[in-house]
Every structure is written in C-alpha cells, then in structure tokens.
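# Inside the fold
So the chains spell out like this:
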Amino acid sequence: MADTSVLRDGLHFGEGPRRGPDGRLYYSDFYAGEVHALDLTTGDDEVVVAFDGQPSGLGWLPDGHLLVVSMLDRTVRRLEGQDLVLHADISDVATFHANDMLVDSEGRAYVGNFGFDLHGLIDDVGIARLLEPDFEPQGAALALVQPDGSVSVVAEDLKFPNGMALLPDPTGESESGNILVIAETVAFQLSSFSVDRNGSLQNRRVWADVKEFGIAPDGIAGDGDGVWVAAALQPAVFRVTEGGKITNKVETTQTCFAVAVVDDKLVCLTAPDSNPSVVKPDRLGKIEIYELN
C-alpha cells in the first residue's frame, strides 16, 4: 500500500518539479508541452506556458525569469511574458534529448542529456539489458549555461546525467562550500563534484552506489545531508546519504521518476512507465504527496 496521497492525476508524464519563487510547485508535462504551477494546499493548477515542444527541467534566474529545458531541440528557453525565447543552445553539447536542469542562486544552469536513445534501446533489447554487467552506455556531457546564455562543458562521460542537487560540502574543501550531486541513471549511482566559485566542477567521485537496491536514480531532491531519489524502476522514493546508506523509503502508487521537497512535503511525480509509447497516448501520470513531518 502506498505511503503517499494523490493530489493531481491526468498527466502524461510529469518532470522537473521545483518550488517556485511564489511557493507553488512548478512542473513540466512532457507530452502536453506544458509547464504548470500547482498550489499544494488548494490543489489549484495553472498552465504557466504551453509550446510546441517537450519541456523538462525548470529553474529561475535571479531576476525571476523562468528557464525551461526544451528537450527535442536541445535548448534552454526563457519565459518572457507569454513567450519562451531562446536562452541557450546546448545542441553542440547534448548528444540526445536534453533533460533535467539545476539552476543555482547565481543563475547558472547545469543541464543534462540522455546521451543516447534510451527508449530505442529498451524497445530493441528490453530493460534487462541495462542491468547486464557488460552493458556500457554512451556517456554524455553536462552543460553549464551562464546567466548570459553562454555554454560550456563542465563534466564528461556521465552515464545518463539526470537529477541534480546542491548540498553543503562536509569537507569544507570546495571553493563555493557546496557539492553537486548528480544521478547517473544507467550507471545506477550518484556522483558528486566540488563546486568552484565560478560554477566549474572538480574532484569527481562516486557519492553513492545504489545498484544493489535496484534503484536507477532519476530525479533527486536535496534534504540536509542526503537526497531523495526517484527509483525509476520501482514505485518508491528513497532517501540516500553519502556512501549509499538508505535512511527512508516512501512507497508510491506507481513508478516514481521525479521528486521535490517543498516545505514539509515530499512531492513525487509518478507514471506507469517512462516509455513514450505508453504514456504519450494516455494521461496516466500523477502527483503524489508525502508529509515529511
């Protein structure tokens, strides 16, 4: 039995949940081409912007402008009034669909991408192939988009870089005082980097290996010294700390692909599958809530 309650259903595939500056939950619905804002208290849901594309990661510039990852053309868009204008083109960095994004307090955006056609591979040989010891997926680069839209590569050969979170550096060695934790979905691990003052990344290491728990880490959300991890292959979210210790497990009604912590609530975006052939034609996605206190 699920530990969560369903606040919203009728989504195609929800992604990129973030607490907005106004306190509402912002999220993307891939196949509706929409970015929404949801009041977690009243359940009121507003379409913030819709476009002929596939939105994913979300974040905000310091001036309040919303940034939206446009997956298929591998760009980052900026909301100006009712229009999504080009903020950055990362197509020279991303080797397949652009995906999740983390925007820091300076307005620097870290943007991941699939690296390869994941769903095409699964359609051809099955999801079990991802778990075979000899499976070596194509690596992907992590893009850093500066507030002015300039693009650089800050990490390479990540195995499907997905959700990200900034945590305090327990060693105090990073220039910024933070580490970036990133989910490498098809490596079944979380990696971390020390973050320099200019946003560049150093000292890559495995932060937590979660393969033994059957977790293909997708979206993640920082929580103190740990992260909540959407398991992607399971109807569950796990709280993980450095070294791979599981401190909490929350069961959801269906597979969880993205998470956010908003005040005292854990927000879980779920669907029966991530494959477009399953979720694009129907509206089976949900937003589920778990009270943390």
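Here, the structure is the one placed above.
Not measured: the values here are computed from a predicted model.

So, how was this worked out
- Residues numbered from 1 in each chain as written.
- Predicted model: local features only at pLDDT ≥ 70, side-chain atom pairs only at ≥ 80, totals over all residues.
- Heavy atoms only, no water.
- Helix = DSSP H or I, 4+ residues; strand = E, 2+ residues; numbered from the N terminus.
- Rg over C-alpha atoms; globule rule 2.2 N^0.38 Å.
- Buried < 20%, exposed > 50% of the residue type's maximum accessible area, 1.4 Å probe, protein only.
- Contact = heavy atoms within 4.5 Å.
- Areas by Shrake-Rupley, 256 points an atom, 1.4 Å probe, with all protein chains shown as cover.
- Salt bridge = Lys/Arg side-chain N within 4 Å of Asp/Glu carboxyl O.
- Pairing = 2+ DSSP bridges.
- Axes fitted to C-alpha atoms, helices over the stretch in contact; angles between N-to-C directions.

The next thing to look at is the overall build of the protein chain. When its secondary structure is counted, the protein chain shows two helices and 24 strands. For the protein chain, whose C-alpha radius of gyration is 17 Å, the value lies close to the compact-globule estimate of 19 Å for 293 residues. Oriented by its inertia axes, the alpha-carbon framework of the protein chain measures out at about 45 × 45 × 45 Å. Residue burial in the protein chain is summarised as follows: out of 293 residues, 56% are buried. Expressed as a percentage of contacts within the protein chain between residues at least 6 apart in sequence, the contacts between residues at least 24 apart total 46%. When the accessible surface of the protein chain is totalled, it reaches about 11,900 Å², and 45% of it is carbon and sulfur.

Moving on to the pattern of salt bridges. Considering all chains together, one arrives at 16 salt bridges under this definition. Between E46 and R24 there is a salt bridge, and its shortest N-O distance comes to 2.8 Å. Residue E46 is found in strand β5 (residues 45-50), and its partner R24 is found in the loop between β2 (14-19) and β3 (25-29); the two are separated by 22 residues along the sequence. Among the residues examined, E46 registers a relative accessible area of 39% and is labelled partly exposed. Residue class for R24 comes out partly exposed when judged on its relative accessible area of 21%. One connected set of salt bridges, linked through shared partners, spans D22, R24 and E46.

What follows concerns the sheet that holds strand β6 (residues 55-60). Pairing is antiparallel in the open sheet, where four strands are placed in the order β6-β7-β8-β9. Edge positions in the sheet fall to β6 and β9 (83-89), since each of these pairs with one other strand and no more. Each strand of the sheet is rotated relative to its neighbour by a mean of 30°, with strand direction disregarded.

Moving on: the pairing of strand β24 (residues 285-291). In this sheet, β24 lies alongside strand β1 (residues 5-11) in antiparallel orientation, the contact comprising five bridges. Across the sheet, R8 pairs through a bridge with I287, a residue of β24. Bridge count for strand β23 (residues 265-270) against β24 is six bridges, and the pairing is antiparallel. From the neighbouring strand, K265 faces β24, where its bridge partner is E291.

This part is about unusual backbone geometry. The phi torsion at A232 lies on the positive side, around 65°, for a residue other than glycine. Here A232 is to be found in the loop between β19 (226-230) and β20 (236-241). When its relative accessible area of 12% is taken as the criterion, A232 is described as buried.

Just distances and angles here, no functional claims.
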